[in-house]
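Here is what each chain is made of, one letter per residue.
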Amino acid sequence: MQNAASSALVVAGWHRMSYSFKDSYFISQELETHIRKLHAIVGNAVTDKRFIVFGAGSTQLLNAAVHALSPDNSSSPARVVASIPFYPLYELQTEYFQSVDFQFQGDTSLWKNSSDTSVNLIEFVTAPNNPDGQMNKAVLRGPNAKAIYDHAYYWPHYTPITAPADKPLMIFTTSKLTGHAGSRFG
Ligand SMILES: Cc1ncc(COP(=O)(O)O)c(C=O)c1O
């Protein structure tokens, strides 16, 4: 605070406001390279041949993932579930959007033995889990079950990194990596 002027950082309003970075300078290719490098050094995620998607915190990405995995079919909305005890925002945010394409349905175990293959299921798998730190694994199987792996806490200062996470859809955030929750970067 004593050096406010000399430490000020000015970001132009147009800077990085784009969906693309190839052949343009809007979103930083350098940033993506560093994210891949960070995961490689820590050994907590496979990023080869994966897309990196940025979000306003992982909160935004959690619902972007639900939206992306839901069928565009209001007569058969996706059922979104998580294993109790789960991070309450999954339920709050899924309900908040009042979407016709997805609905929060509570505890994963209620759907474990479902034989109804017409139901699309989206399971939040939180490892380590908030609030109990368990290394949760996906419970639901079958062609209509998709998982969103929330690895917000899969960093060595929270848990041993036993192997790089290698799932189709994995979410990380600077909130829990460095405590930069206010920067809103997932
Ligand atoms: C398991 C889990 N996922 C996601 C988040 C959201 O973090 P952020 O939106 O700051 O990235 C939190 C925050 O507490 C969390 O505990």
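The paragraphs below set out a description of the structure included in this document. Note that this is a predicted model, so its numbers are computed, not measured. Throughout, a residue's number is its position along its own chain's written sequence, starting from 1. The model is predicted, so local features are restricted to residues of pLDDT at least 70 and side-chain atom pairs to those at 80 or more, both for listing and for counting; the totals for chains, interfaces and linings are taken over all residues. With hydrogens and water stripped out, all remaining heavy atoms of the structure feed into the side-chain values.

Points about the sheet that holds strand 5 (residues 170-171)
Line of reasoning, step 1. Within the open sheet, the 5 strands sit side by side as 2-1-3-4-5. Their pairing is parallel. The open sheet is flanked by strand 2 (102-107) and strand 5, the only strands paired with a single partner.
Line of reasoning, step 2. Bridging between strand 1 (residues 78-82) and strand 3 (residues 121-126) involves 4 bridges; their strand directions are parallel. Directly across from Val80, in strand 3, lies its bridge partner Ile122.
Line of reasoning, step 3. The contact criterion used is simple: two residues touch if any of their non-hydrogen atoms lie within 4.5 Å. The axes used here are C-alpha line fits, helices contributing only the stretch in contact, and every angle between their N-to-C directions lies in the interval 0 to 180 degrees. Where helices and strands are cited, they refer to DSSP runs of H or I of at least four residues and of E of at least two residues respectively, numbered from the N terminus. This element, helix 2 (residues 57-69), spans strand 1, strand 2, strand 3, strand 4 (145-150) and strand 5 of the sheet and lies at about 170° to strand 4.
Line of reasoning, step 4. Its contacts with the sheet place helix 3 (residues 89-96) against strand 1, strand 2, strand 3 and strand 4, and it is angled at close to 155° to strand 2. DSSP bridges decide pairing: two strands pair if at least two such bridges lie between them.

Overview of the site of the ligand
Line of reasoning, step 1. Note on terminology: near, applied to a residue and a molecule or strand, indicates that one of the residue's heavy atoms is within 4 Å of it. Taken together, the neighbourhood of the ligand is formed by 14 residues, with Thr59, Asp150, Thr173, Ser175 and Lys176 sitting nearest.
Line of reasoning, step 2. Any N or O atom pair separated by 3.5 Å or less is treated as a polar contact, with the protein-specific requirement of one donor-capable and one acceptor-capable atom, and with residues adjacent in sequence counted only for side-chain atom pairs. At 3.5 Å from an oxygen atom of the ligand is found a side-chain nitrogen or oxygen belonging to Tyr87.
Line of reasoning, step 3. Asn130 has a polar side-chain atom sitting 2.8 Å from an oxygen atom of the ligand.
Line of reasoning, step 4. Notes on the ligand: free accessible area 400 Å², of which the protein chains cover 91%. Under the convention used here, a 1.4 Å probe and the Shrake-Rupley method define accessible areas, while residue burial counts only the protein chains that appear.

Describing the pattern of salt bridges
Line of reasoning, step 1. A pair is scored as a salt bridge if a Lys or Arg side-chain nitrogen falls within 4 Å of a carboxyl oxygen belonging to Asp or Glu. Evaluation of the coordinates by the stated rule reveals 2 salt bridges.
Line of reasoning, step 2. Taking the shortest distance from any N to any O, the salt bridge between Arg36 and Glu32 comes out at 2.5 Å. Linking Arg36 with Glu32, this pair stays in helix 1 (residues 29-42), spanning 4 residues, or about one helical turn.
Line of reasoning, step 3. Looking at Glu32, the relative accessible area reads 8%, which means it is buried.
Line of reasoning, step 4. Measuring nitrogen to oxygen at the nearest pair gives 2.4 Å for the salt bridge that ties Arg50 to Asp166. One end of the pair, Arg50, is in the loop between helix 1 and helix 2; the other, Asp166, is in the loop between strand 4 and strand 5, with 116 residues separating them in the sequence. Partly exposed describes any residue whose relative accessible area lies between the buried limit of under 20% and the exposed limit of over 50%, with all areas from a 1.4 Å probe on protein chains only and scaled to the type maximum.

Some points on helix 2
Line of reasoning, step 1. With 13 residues, helix 2 extends 19 Å between its outermost C-alpha atoms, agreeing within 8% with the 18 Å of an ideal straight helix rising 1.5 Å per residue.
Line of reasoning, step 2. The set of residues buried in helix 2 consists of Gly57, Ser58, Leu61, Leu62, Asn63, Ala65, Val66 and Leu69. For a helix, the expected span equals 1.5 Å multiplied by the number of residues minus one.

Remarks on the environment of Lys167
Line of reasoning, step 1. Among the secondary structure elements, Lys167 is positioned in the loop between strand 4 and strand 5.
Line of reasoning, step 2. It is 24 Å that separates the C-alpha atoms of Lys167 and Glu30, two residues lying 137 residues apart in sequence.
Line of reasoning, step 3. Leave out the neighbours within four places in its chain, and Lys167 touches Arg50 and Tyr149.

Brief notes about unusual backbone geometry
Line of reasoning, step 1. With an omega of -5°, the peptide bond between Ala127 and Pro128 qualifies as cis.
Line of reasoning, step 2. Of note, Pro128 is situated in the loop between strand 3 and strand 4.
Line of reasoning, step 3. With phi around 50°, Arg184 is a residue other than glycine that occupies positive phi space.
Line of reasoning, step 4. The topology assignment puts Arg184 in the segment after helix 4 (174-178).

What about the nonpolar core?
Line of reasoning, step 1. Residues Leu62, Val66, Val80, Tyr90, Ile122, Phe124 and Ile148 are the most contacted members of the largest nonpolar core, which totals 17 residues.
Line of reasoning, step 2. Counting residues per element, the ones that place at least two in this core are helix 2, strand 1, helix 3, strand 2 and strand 3.
Line of reasoning, step 3. Ranked by residue count, the leading element in this core is helix 2, at 5 residues.
Line of reasoning, step 4. Each residue touching Val66, except ones within four places of it in the same chain, is listed here: Val80, Phe102, Ile122, Phe124 and Ile148. In these notes, a set of buried Ala, Val, Leu, Ile, Met, Phe, Trp, Tyr and Cys residues joined through side-chain atoms within 4.5 Å is what counts as a nonpolar core.

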